[in-house]
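Fold and contact review
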Amino acid sequence: MKSVDILLDTIDKVKAFTTLANEKDFDIDLTSGRYIVDAKSIMGIFSLDLSKPVTCEVEDPNAQQFFEEIKSYIAE
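Residues numbered from 1 in each chain as written. Predicted model: local features only at pLDDT ≥ 70, side-chain atom pairs only at ≥ 80, totals over all residues. Heavy atoms only, no water.

**A word on the pattern of salt bridges**
As enumerated under the stated definition, the model contains three salt bridges in all. Notably, a salt bridge pairs Lys24 with Glu69, separated by 3.0 Å at the nearest N-O pair. Here Glu69 lies in helix α3 (residues 63-69) and Lys24 lies in the loop between α1 (11-22) and β2 (28-32), a separation of 45 residues in the sequence. (Salt bridge = Lys/Arg side-chain N within 4 Å of Asp/Glu carboxyl O. Helix = DSSP H or I, 4+ residues; strand = E, 2+ residues; numbered from the N terminus.)

Written out as structure tokens, the structure is:
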């Protein structure tokens, strides 16, 4: 499993990220504290504390390619 911290601090970022996630045929999870949600669920994402970075976890051989696609969301 590969993971990276991302920041989804605006509604537009959440919508764009969810669109990218839904294009993939593998599971993508977002973790914030003890909560884990499906990254393909916009309602799930909005249930997280988005004021700080969340962890994006992917367990797929194409994880690195996906992380390249979302590099604008990666928290510094």
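**Describing the environment of Ser3**
Tracing the chain through its elements places Ser3 in strand β1 (residues 2-6). Owing to a relative accessible area of 47%, Ser3 belongs among the partly exposed residues under this scheme. Spatially, the C-alpha atom of Ser3 lies 8.6 Å from that of Ala63, the residues being 60 residues apart in sequence. Once you skip the residues sitting within four places of it in the chain, Ser3 turns out to touch Thr55, Cys56, Glu57 and Phe67. (Buried < 20%, exposed > 50% of the residue type's maximum accessible area, 1.4 Å probe, protein only. Contact = heavy atoms within 4.5 Å.)

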